[in-house]
Amino acid sequence: MRTLIINGRVIDPSQEIDGQRDILIEGAHIQGIYPGGKGPKADNTIDASGCIVIPGLVDLHTHLREPGFEHKETIATGTMAALKGGFTSVCCMPNTDPVNDTEAVTEYIIEKAFKEGACAVYPVGSITKGQKGESLTEFGALRKSGCIAFSDDGKPVTDSLIMRRALEYSKIFDVPVISHCEDPQLSRGGAMNEGVMSTTLGLRGIPNAAEEIMVARDIFLCELTWSRLHIAHVSTAGSVRLIREAKANGINVTAETCPHYFSLNDHALESYNTNLKVNPPIRTEKDVEAIKQGLKDGTIDVIATDHAPHHADEKNREFDAAPPGISGLETAFALGLQLVDQGVIDLKQLIAKMSLTPSKIIKIKKGTLNAGADADIAIIDPEKKFTVDPARFSSKGKNTPFKGWQLKGTVEKTVFMGKISEWA
Amino acid sequence: MDNKNITFKSKDLLGIKDLSQEEISLILDTASGFKDVLERDIKKVPPLRGKTVANLFFEPSTRTRTSFELAAKRLSADVVNFSVPTSSVVKGETLKDTALTIQALGADFVVIRHSSSGVPHMLSKILDISIINAGDGANEHPTQALLDLFTIRSHKKKIEGLSVAIIGDIAHSRVALSNIYALTRLGAEVRVVCPPTLMPAGIGELGVKTFGSIEEGIKDTDVIMTLRLQLERQSKGFLPSLEEYFTLYGLTAGRLKLAKKDAMVMHPGPMNRGVEISSEVADGPQSVILEQVTNGLAVRMAVLYLLGGVKK
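Just so it is clear, the structure is predicted and the values come from calculations on it, not from any experiment.

Turning next to the side chain of Asp-152 of chain A. Residue and element names in this part refer to chain A. Inspection of the secondary structure puts Asp-152 in the loop between strand E9 (149–151) and helix H4 (160–170). We note that Asp-152 is buried and unpaired, the nearest opposite charge coming from Lys-155 at a distance of 7.6 Å. Excluding residues that lie within four positions of it along the chain, Asp-152 makes contacts with Ser-126, Ile-127, Thr-128, Gln-131, Gly-133, Val-157 and Ile-178.

The following block contains the structure:
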């Protein structure tokens, strides 16, 4: 079965392509890219007029919640949300129940994803057993059963010696260690960013330093161990500064931020809307500007979602008691497009930060439209407007602070391993 | 009462932050009328007859709860008290369900105190009945600020142009925050005095002056408000000891002399004598602390009365 995608503007950062092209898919793979209108005959054609045709997006930071928290999300619903958001690959974080710290859990996730998943799932193993921060998991066994990175995401590794060992040990397998940077003593009891807004709302604040201290520590440990460090969900100006300096010094660090850190500032919390509660917290406008600058100059390599679905009952509580997290897969690309509209980055950079670059960090053969590559493609109308309506999310997590926002950029079709899904 | 044309835009009193200068004045003027009622032999008036006030207190409180209860009863309302320790709610019924239950029981007002900031705002979105914030986390305690204003106004005849020092645990004080909003909105100069560990982030942006020294902070002020120091602040590392706190920040007779001769001394209670204030000052001639309590009743009557006047 051969399918030809025609009339679209193909943007593939891996081949420096941006123009009218036809893409031929055969089975699960891309057969070739041809000049617009010059593609060969196929069994059927997809007309992508007015759309961009890009590599399927790759999310380095997703919480699929399964096993253990199926009331929040399952592998089936989370991957469907991903697909609807233009993602064809997601990396799922290990803070499940049980924690993904053994081959058995990794294999469970992979098998479940194979049976019920709508897109590719790459498990992230935990750094320490039970994410307790005390002793390392069996990186070798986990890597072998399919983990592509290690992280105790949701919690920091507070013991610097354990973090050092994790970075050292990860080198055997050439995998990145993804660090959730937070000094838990400094952030203790905090519900939002510390500043005049936390003062006026009477909520306990989390200072920028709670993140930056750990970013600094891990950069130094990365330099010490000469390993691969990836900083998760960067939210502060100081973190951007530290990472920029580290890169200038040749330290092997990469970093991600999430749409909510460049789309919102802490004034939004005025309503005590618990859907704005997230960790790290939404920061000030000064931080937002620094994040954008970091995206622009390449300090921040990746835009990940930190998709963190929760049940409505859990969010419908006192602000202090509500769990942190934002359901992000189905709004990420459209929020990213705002950066393009604002002139922060161009479309090609946005696509690279959401597909090619994350693929390179975890060394998977995705994020490209090269001939022979997996047929993972998103077809997106970048101009079409829509209103964010969580009731229409495929994710079980309706916890979005962007409800009611008018955004541009609808995902029209997603192709995963040659299988075409169409979103009306 | 002679307030014929009452206009109060909200069904709720969530905080001073949301009130206009006119609304604050309306509450204070209305409270003056009720203060007269409270001085009568028969202290009861009928405006809220047939209405029900539910006191929903998730934190221990004697004075505020009793004050609301009495205020409601003086207005002829029925009062029910729900005292719920937070822990049982965490384990059992959600706050939302508790609130809906109270509404279903036919309450017209919920007076809510909770350790989490924003809870009254959350209830306000869920319930149709009037919500009165009786203290939420470190956010606001609006009726306390209103009774403080009322007390200051009754002595000084004005608020505008006065210099008011607030001394103590500003970072954890809803009383401080509500008073800062109220006093600055009515044109007073507000100074906050506390050790840097208890100074909240960005407080200067709220239009107050900050002082680390009590001597500088209270110099030539018209009003001094001391705040209760939660005794656990010491164990949480904010302070090395209560003794040192008293040495550095306690309001003593000697320090009080730095303020204006006729400066008023206030405290929202309950006091820690010998921690934030000396007994000599607390019981001295410049203290209006008990008067604050009496005025609290009149102010809470005014708030219930004005919210009860909103057609729902």
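Both trends apply: most residues other than glycine have a negative phi, and most peptide bonds are in trans. In the segment running from Asn-279 of chain A into Pro-280 of chain A, the intervening peptide bond is cis, with an omega of -5 degrees. Looking at the element boundaries, Pro-280 of chain A is found in the loop between helix H8 (259–263) and helix H9 (285–297). Cis geometry is found at the peptide bond from Gly-269 of chain B to Pro-270 of chain B, where omega equals -10 degrees. Topologically, Pro-270 of chain B is positioned in the loop between strand E9 (264–266) and helix H11 (279–282). A positive phi angle is found at Trp-226 of chain A, which is not glycine, with a value near 50 degrees. Structurally, the position occupied by Trp-226 of chain A is in the loop between helix H6 (208–225) and strand E13 (229–231). Given the relative accessible area of 56%, Trp-226 of chain A is considered exposed. At Asp-306 of chain A, a residue that is not glycine, the phi angle is positive and equals roughly 50 degrees. Assignment of secondary structure puts Asp-306 of chain A in the loop between strand E15 (302–303) and helix H10 (312–315).

Moving on to the packing of aromatic side chains. Each aromatic ring pair is specified by the distance between its two centres and by the angle formed by the two planes. Taken as a whole and assessed by the stated rule, the structure comprises six aromatic pairs over all chains. Between Phe-139 of chain A and Phe-150 of chain A the ring centres are 4.0 Å apart and the planes differ by 5 degrees, which places this aromatic pair in the stacked class. Here Phe-150 of chain A lies in strand E9 and Phe-139 of chain A lies in helix H3 (residues 139–145), a separation of eleven residues in the sequence. A single burial state applies to Phe-139 of chain A and to Phe-150 of chain A, both of which are buried. Ring geometry for Tyr-245 of chain B versus Tyr-249 of chain B: centroids 5.6 Å apart, planes at 25 degrees, classification stacked. Of this pair, Tyr-245 of chain B and Tyr-249 of chain B are both found in helix H9 (residues 242–249), four residues apart, which corresponds to roughly one turn of the helix.

A few words on the interface of chain A and chain B. For an interface, size is often stated in terms of accessible area lost upon the parts coming together. In this complex, chain A contributes 15 residues to the contact, which on the side of chain B involves 23 residues. For the pair chain A and chain B, the summed buried surface comes to about 1500 Å²; carbon and sulfur atoms form 55% of the total. The interface formed by chain A and chain B holds zero salt bridges in total. For the interface between chain A and chain B, the tally reads eight residue pairs in polar contact (both at pLDDT 80 or more). Looking at the side of chain A that touches chain B, its residues break down into five nonpolar, six polar and four charged.

The subject of this paragraph is the pairing of strand E1 (residues 2–12) of chain A. Residue and element names in this part refer to chain A. Pairing analysis gives nine bridges linking E1 to strand E2 (residues 17–26), with the strands arranged antiparallel. Looking at the pairing, Asp-12 lines up with Ile-17 of E2. Here four bridges tie E1 to strand E4 (residues 44–47), and the two strands are oriented parallel to one another. What sits directly across from Ile-6, in E4, is Asp-47. As paired strands, E1 and strand E5 (residues 52–55) are joined by two bridges and run parallel to one another. Looking at the pairing, Arg-9 lines up with Ile-52 of E5.

All names here are of chain A. Parsing chain A into structural domains produces domain 1 (2–53 + 374–422) and domain 2 (56–360). Computed from C-alpha atoms alone, the centre-to-centre distance between domain 1 and domain 2 is 26 Å. With 33 residues of domain 1 at the interface, the matching set in domain 2 holds 45 residues. Between domain 1 and domain 2, roughly 3100 Å² of surface is buried when both sides are summed, and carbon and sulfur atoms account for 66% of that area. Joining domain 1 to domain 2, the criterion identifies two salt bridges. Between Lys-348 and Glu-16 there is a salt bridge, with its nearest N and O atoms 2.7 Å apart. Linking domain 1 with domain 2 are 17 residue pairs in polar contact (both at pLDDT 80 or more), by the criterion used here.

Rules behind the numbers
Residues numbered from 1 in each chain as written. Chains lettered and ligands numbered in written order. Predicted model: local features only at pLDDT ≥ 70, side-chain atom pairs only at ≥ 80, totals over all residues. Heavy atoms only, no water. Helix = DSSP H or I, 4+ residues; strand = E, 2+ residues; numbered from the N terminus. Buried < 20%, exposed > 50% of the residue type's maximum accessible area, 1.4 Å probe, protein only. Lys, Arg positive; Asp, Glu negative; His and termini not counted. Salt bridge = Lys/Arg side-chain N within 4 Å of Asp/Glu carboxyl O. Contact = heavy atoms within 4.5 Å. Phe/Tyr/Trp six-rings, centres within 6.5 Å; stacked < 30°, edge-to-face > 60°. Buried area = accessible area lost by both parts, 1.4 Å probe. Polar contact = N/O pair within 3.5 Å; in protein donor to acceptor, adjacent residues only side chain to side chain. Nonpolar A, V, L, I, M, F, W, Y, C, P; charged D, E, K, R; others polar. Pairing = 2+ DSSP bridges. Domains from an automatic or database assignment.

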